[in-house]
Amino acid sequence: MQVTRDTFNDVMVPNYNPAAMVPVRGEGSRVWDQDGREYIDFAGGIAVNVLGHCHPKLVSALHEQSNKIWHLSNIFTNEPALRLATKLSSATFADKVYFANSGAEANEAALKLARRFALDNFGENKNEIIAFKQGFHGRTFFTVTVGGQAAYSDGFGPKPGGVVHAEYGNLEMLASLMSEKTCAVMMEPMQGEGGIIVPDEDFVSGVRALCDKHQALLVFDEVQSGMGRTGALFEYMNIGVVPDILTSAKSLGGGFPIGAMLTTNKIAASLVPGSHGSTYGGNPLACAVAEAAFDIINSQEIFEGVRKKESLFRQKLEEINSKYHVFSEIRGKGMLLGAALSPEYQGRARDFMLAANQQDLMCLIAGANVVRFAPSLIIPDEDIVEGLARFERGIATLLSK
Ligand SMILES: *Cc1c(COP(=O)(O)O)cnc(C)c1O
């Protein structure tokens, strides 16, 4: 059966508008489309393909598990889930892990847990959730409401209540919104979708102090920033501020859908049997792949490599900018970088992304003004250099129009 990009318009709900080419195969940081055209991948499936495409160790973990057992549901536990939870909890502040299938689901669990913990320990008036403008936490109705872009949550009828937004980086504003009613503050320790915004460390530690003062839980959404992407296992380790609940997904499965919520024994105790659940959460295939990914990622060698690759990336982007003067700032950390467009090119990030695609490079945007790069943590240096040469050609073509 022959399918093409045109088939999409015939049979798919129109909530996406995918690129013109249809990828069919990937290896490392290279991808091939239906016509055999080769691309360099700086998009990484939106910060998911943390070890590139078809990493041999992930392929063999999936293959091995696929011959053992695929699915059980949570009426039974399984070995890959137990091993992965053991590794995640011993490598982090957490004692306990809950598995889901996506970032939104991990955050949904975190929000429900925060509400239930507050109810159990402080009564029903402590239910307010504070999050940040431009934040992104997923597309379920609760998570999209907590996310700080009304455009994503408007138009679906009444929203879940008790959600308030502060400006990211504005500690005074947060302080003025917090009270004994605050049950949790949810934040990305580095905003991804919102434009690759790295907060001041003082801001993050200030949020921690306010949460302590008001007995509110601090929830870090590390769905995009976690699993090695910023040069540490989780970004909270770089910042030195420990949350009460942390969520992970995207890079966690290296391309296989999985999400996780991590927390302490004390807080976890509120999710008693029957209080929350998922048919697929902790699926053996997903956990086996994530375990293999974790074993590779959680090493100083990988983290140092990420920091070196970041320097190379930044150096090459600065070189491009010294010729074309299109960026006002290169920001982000590790293999999660943003090139913010200068005032002259405001609103045109998508044009830059499409121009790059024309030159056989896959990249992302983060809002209308930032070109985003989220490649594999082990992308070869040659692919960084070649990919950015393609990016430069895309910019040259765009500017010559
Ligand atoms: C992508 C993302 C999510 C949502 O993850 P899904 O797997 O798409 O549900 C949540 N939070 C952050 C910070 C993200 O970047």
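Counting of residues starts from 1 at the beginning of each chain's written sequence and follows it residue by residue. With pLDDT at 70 or above as the cut-off, local features in this predicted model cover only qualifying residues; side-chain atom pairs require 80 or more to be listed or tallied, and sums for whole chains, interfaces and linings still use all residues. Side-chain measures here rest on the full set of heavy atoms in the structure, leaving out hydrogens and waters.

Per an unreviewed UniProt entry, the protein goes by Acetylornithine aminotransferase and derives from Agaribacter flavus. Per its UniProt entry, the protein bears the Subunit (unreviewed entry) comment "Homodimer." UniProt positions are given in the numbering used here, feature names are shortened, and annotations may be inferred rather than shown by experiment. What UniProt records for the protein under Sequence similarities (unreviewed entry) is the sentence "Belongs to the class-III pyridoxal-phosphate-dependent aminotransferase family. ArgD subfamily."

Asker: Hey, could you run me through the sheet that holds strand β3 (residues 38-41) in this one?
Answerer: In a beta sheet, neighbouring strands are held together by backbone hydrogen bonds and run either parallel or antiparallel to one another. The rule for pairing is simple: two strands pair if DSSP sees at least two bridges between them. By the criteria applied, helices consist of DSSP H or I runs no shorter than four residues and strands consist of E runs no shorter than two, each listed in order from the N terminus. Reading across the sheet, the 4 strands line up as β1-β2-β3-β13 and stay open at both edges, with mixed pairing between neighbours. The open sheet has two edge strands with one neighbour each: β1 (23-27) and β13 (361-362). Relative to β13, β3 runs parallel, the two being bridged by 2 bridges. In the sheet register, aspartate 41 faces β13, and the bridge partner there is methionine 362. Its contacts with the sheet place helix α15 (residues 381-399) against β2 (30-33), β3 and β13, and it is angled at close to 110° to β3. Residue contacts are defined here by distance: any two heavy atoms, one from each residue, within 4.5 Å place the two residues in contact. The axes used here are C-alpha line fits, helices contributing only the stretch in contact, and every angle between their N-to-C directions lies in the interval 0 to 180 degrees.

Asker: Please clarify how the packing of helix α4 (residues 79-91) against helix α12 (residues 284-297) should be interpreted in this entry.
Answerer: Two numbers describe a pair of packed helices, the interaxial angle and the distance between the axes. Two elements in contact, α4 and α12, have axes separated by 8 Å at closest approach and are oriented at 35°. As α4 runs across α12, the sense of the crossing is left-handed. For the pair α4 and α12, contact is made by Pro80, Ala81, Arg83, Leu84, Lys87, Leu88 and Ala91 and by Pro284, Cys287, Ala288, Ala290, Glu291, Phe294 and Asp295, respectively. Residues are grouped as follows: Ala, Val, Leu, Ile, Met, Phe, Trp, Tyr, Cys and Pro are nonpolar; Asp, Glu, Lys and Arg are charged; every other residue, Gly included, is polar. The class makeup of the residues in the contact of α4 with α12 is 10 nonpolar, no polar and 4 charged. Less than a right angle of anticlockwise turn of the near helix away from the far helix marks a crossing as left-handed, whereas a clockwise turn marks it as right-handed.

Asker: Is there a simple way to explain the domain arrangement of the protein in this structure?
Answerer: One widely used convention gives an interface's size as the accessible area the parts lose upon coming together. The source of the domain bounds is an automatic or database domain assignment. Its domain assignment divides the protein into domain 1 (5-54 + 300-400) and domain 2 (57-297). Between domain 1 and domain 2, the C-alpha centre-to-centre distance is 26 Å. Contacts between the two partners involve 26 residues from domain 1 and, on the opposite side, 27 residues from domain 2. At the boundary of domain 1 with domain 2, total buried surface from both sides reaches about 2,200 Å², with 64% on carbon and sulfur atoms. The term buried area means the drop in 1.4 Å probe accessible area that two parts suffer when joined, counted for both and summed. Among the residues of domain 1 in contact with domain 2, Phe303, Lys333 and Leu336 are the three that bury the most area, contributing 29% of the side total. The definition of a polar contact used here is a pair of N or O atoms within 3.5 Å, where within protein one atom must be able to donate a hydrogen and the other to accept one, and adjacent residues in sequence count solely through side-chain atom pairs. Connecting domain 1 to domain 2 are 10 residue pairs in polar contact (both at pLDDT 80 or more). For the side of domain 1 that touches domain 2, the secondary structure elements donating two or more residues are α2 (44-47), α13 (300-324), β11 (327-333), β12 (336-341) and β15 (370-373). For the side of domain 1 that touches domain 2, the element with the most residues is α13, which contributes 4 residues. Classifying every residue of the side of domain 1 that touches domain 2 by side-chain character gives 17 nonpolar, 5 polar and 4 charged.

Asker: What am I meant to see in the sheet that holds β11 here?
Answerer: Read from one edge of the open sheet, 4 strands run β11-β12-β15-β14, paired in antiparallel fashion. This sheet does not close on itself; its edge strands, each paired only once, are β11 and β14 (364-365). Where β11 lies against β12, 6 bridges are found, and the strand directions are antiparallel. Across the sheet, isoleucine 330 pairs through a bridge with alanine 339, a residue of β12. The strands touched by α13 within the sheet are β11, β12 and β15, with β11 carrying the most contacts at an inclination of about 175°.

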